[in-house]
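Spelled out, the chains give:
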Amino acid sequence: MHGSAIIMVVALAAVAAVLQLDPAAARGDVADPPAPEVTPLSVGLSYGDELTWMEPADLAGALDDAAALGGWVRLDVSWANVQPEGPDRWDWSRLDPVVAG
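What counts, and at which threshold
Residue indices follow the written sequence of each chain, beginning from 1 at its first position. pLDDT decides what is reported in this predicted model: residues at 70 or higher carry local features, side-chain atom pairs at 80 or more are listed and counted, and totals for whole chains, interfaces and linings draw on all residues regardless. With hydrogens and water stripped out, all remaining heavy atoms of the structure feed into the side-chain values. Elements are defined by DSSP. Helices are runs of H or I of four residues or more, strands are runs of E of two residues or more, and each kind is numbered from the N terminus. For every residue, the accessible area (1.4 Å probe, protein chains only) is compared with the maximum for its type, and the residue is labelled buried under 20%, exposed over 50%, or partly exposed between those bounds. The contact criterion used is simple: two residues touch if any of their non-hydrogen atoms lie within 4.5 Å. Accessible surface is estimated by sampling points in the Shrake-Rupley manner with a 1.4 Å probe; for residues, cover comes only from the protein chains shown. Any residue with an atom within 4 Å of a point lines the site, the site being either a cavity, points on a 1 Å grid over the protein atoms alone where a 1.4 Å probe fits but cannot get out, or a pocket, an open set with protein on both sides within 12 Å along at least 5 of 7 lines. Grid points are joined across faces, edges and corners, and a volume is the space filled by probe spheres set on the points. In this count, Pro and Cys sit with the nonpolar residues alongside Ala, Val, Leu, Ile, Met, Phe, Trp and Tyr, while Asp, Glu, Lys and Arg are called charged and the others, Gly among them, polar. Throughout this description, a polar contact denotes any pair of N or O atoms lying within 3.5 Å of each other; where both atoms belong to protein, one of them has to be capable of donating a hydrogen while the other can accept it, and for residues adjacent in sequence the pair is counted only when both atoms sit in side chains.

K.L.:
What am I meant to see in the overall build of the chain here?
P.N.:
When helices and strands are tallied, the chain shows five helices and two strands. What you see in the chain, going N to C, is helices and strands ordered as α-α-β-α-β-α-α. Split into buried and exposed, the 101 residues of the chain put 12% on the buried side. Contacts in the chain between residues far apart in sequence, at least 24 positions, make up 51% of those at least 6 positions apart. Total accessible area on the chain stands at roughly 8,100 Å², and carbon and sulfur atoms take up 62% of it.

K.L.:
Is there a simple way to think about the environment of Ser-78 in this case?
P.N.:
As for its placement among the helices and strands, Ser-78 is situated in the loop between β2 (72-74) and α4 (79-82). With 26 residues separating them along the chain, Ser-78 and Thr-52 place their C-alpha atoms 9.8 Å apart.

K.L.:
What is the right way to read empty space enclosed by the protein from this model?
P.N.:
In this approach, a probe sized like a water molecule rolls over the atoms, and the result shows the empty space that is left. In this structure the tally under the stated criterion is one cavity of 30 Å³ or more. Along its surface, the largest cavity is lined by Asp-49, Thr-52, Trp-53, Asp-76, Val-77, Ser-78, Asn-81, Val-82, Asp-91, Trp-92, Arg-94 and Leu-95. A breakdown of the residues in the lining of the largest cavity according to their chemical character gives five nonpolar, three polar and four charged.

K.L.:
Just to check I follow, could you spell out the side chain of Gln-83 for this structure?
P.N.:
You can see Gln-83 is positioned in the loop between α4 and α5 (96-100). Polar contacts involving the side chain of Gln-83 include one to the side chain of Trp-79, which spans 2.6 Å. A polar side-chain atom of Gln-83 sits 3.0 Å from the main-chain carbonyl oxygen of Pro-87. Leaving out residues up to four positions away in the same chain, Gln-83 has contacts with Asp-88, Arg-89 and Trp-90.

K.L.:
Would you take a moment to explain the side chain of Thr-52 for this structure?
P.N.:
By the secondary structure assignment, Thr-52 is in the loop between β1 (44-46) and α3 (56-69). With relative accessibility at 7%, the residue Thr-52 sits in the buried group. In this structure the side chain of Thr-52 is engaged in a polar contact, spanning 2.7 Å, whose partner is the backbone oxygen of Asp-49. Once residues lying within four places of it in the same chain are set aside, the contact partners of Thr-52 are Leu-75, Arg-94, Leu-95 and Val-98.

Everything listed here is a matter of geometry and, on its own, says nothing about what the molecule does.
Encoded structure:
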């Protein structure tokens, strides 16, 4: 046998061995690999304390914009605004519309 004929015989033997080891591959019944898991991007907006001082129409617009993004909203809470009259009294009136929105 010549060199190229020997290579051909070895190659055919290797293909036959692979097909015998995996009958599904020989039939063409190889399943597609599973799709990779995709983690959605999480986006959000940080407004600082701006939302607490907005007029109702402006607040509604800002929250609608945030909702359209499909993400989250971060809001800074100034404790001086929650307890402007001291440690025994709370005023949540600036935050209530934001949370309710």
